[in-house]
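Chains, contacts and geometry: an overview
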Amino acid sequence: MRVRGKPGAQVVRIGNRLDAGTSAGVRERLHKALDSGEGDLILDLSKLEMIDATGLGVLVGAHRRALSVERRLVLRGCHRGSCGYSR
């Protein structure tokens, strides 16, 4: 996962998996990005191949945290079939 600053926004690139094994680290980085930046937080999901319920929880939690700090969470690059949900 990579965090990059842009004028008025931050871009976070998520790797190919967002699941129980990767969620803790992703959650921590998203929280740090939300707390330290301003403007939109753009999640680039173009490399994401698999997400499970834990990963979905991370995205929902990040959205709620963004709202609490008056920011917006934007999902980018999630194509049908490339972001397959796995139970």
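Residues numbered from 1 in each chain as written. Predicted model: local features only at pLDDT ≥ 70, side-chain atom pairs only at ≥ 80, totals over all residues. Heavy atoms only, no water.

1. A look at the side chain of Arg 71
What counts, and what does not: The way it works is that DSSP assigns letters per residue, a run of H or I at least four long becomes a helix, a run of E at least two long becomes a strand, and they are numbered from the N terminus. The buried label applies to any residue whose accessible area, calculated with a 1.4 Å probe on protein chains only, is under 20% of its type's maximum; exposed applies above 50%, and partly exposed to all values in between. Neither His nor the chain termini are counted; the positive set is Lys and Arg, and the negative set is Asp and Glu. The term salt bridge refers to a pairing of a side-chain nitrogen on Lys or Arg with a carboxyl oxygen on Asp or Glu at a separation within 4 Å. Under this definition, polar contacts are N or O atom pairs within 3.5 Å; protein pairs additionally need one hydrogen-donor-capable and one acceptor-capable atom, and for neighbouring residues in sequence, both atoms have to be side-chain atoms. Residue contacts are defined here by distance: any two heavy atoms, one from each residue, within 4.5 Å place the two residues in contact.
Note on placement: Arg 71 falls in the loop between α2 (53-68) and β6 (73-76). Put simply, Arg 71 is tucked away with no salt bridge, and the nearest opposite charge, on Asp 40, sits 6.9 Å away. A distance of 2.9 Å separates a polar side-chain atom of Arg 71 from the backbone oxygen of Ala 33. Among the polar contacts listed, one links the side chain of Arg 71 to the backbone oxygen of Gly 39, at a separation of 2.6 Å. Beyond its immediate stretch of four places on either side in the chain, Arg 71 contacts Gln 10, Ala 33, Leu 34, Gly 37, Glu 38, Gly 39, Asp 40, Leu 41 and Ala 66.

2. Digging into the pairing of strand β4 (residues 40-44)
Which entries qualify depends on this criterion: Two strands are said to pair when DSSP picks up at least two bridges between them.
Counting buried residues in β4 gives four out of five residues, a clear majority hidden from the surface. Summarising the sheet, strand β2 (residues 9-13) and β4 pair through five bridges and their orientation is parallel. Following the sheet pairing, Arg 13 is matched in β4 by Asp 44. Sheet topology note: the β4/β6 ladder contains four bridges and is parallel. Residue Leu 43 lies in a different strand from β6, and its bridge partner there is Leu 75.

3. Structural notes on helix α1 (residues 23-36)
Where we set the bar: Helix span is expected to be 1.5 Å times the residue number reduced by one. Working note: the arc is built from the helix axis to C-beta atom directions.
End to end, α1 covers 20 Å across 14 residues, agreeing with the expected 20 Å (1.5 Å per residue, within 8%). For α1, every residue scored as buried is listed here: Ser 23, Val 26, Leu 30, Ala 33 and Leu 34. The buried side chains of α1 occupy one side of the element, clustering within an arc of 95° when seen end-on. Turned more than 90 degrees away from the buried face of α1, the exposed residues are Ala 24, Lys 32 and Ser 36.

4. Structural notes on the environment of Arg 65
Of note, Arg 65 is situated in helix α2. Separated by 35 residues in sequence, Arg 65 and Leu 30 place their C-alpha atoms 9.3 Å apart. A polar contact of 3.1 Å, which involves the side chain of Arg 65, links it to the side chain of His 31.

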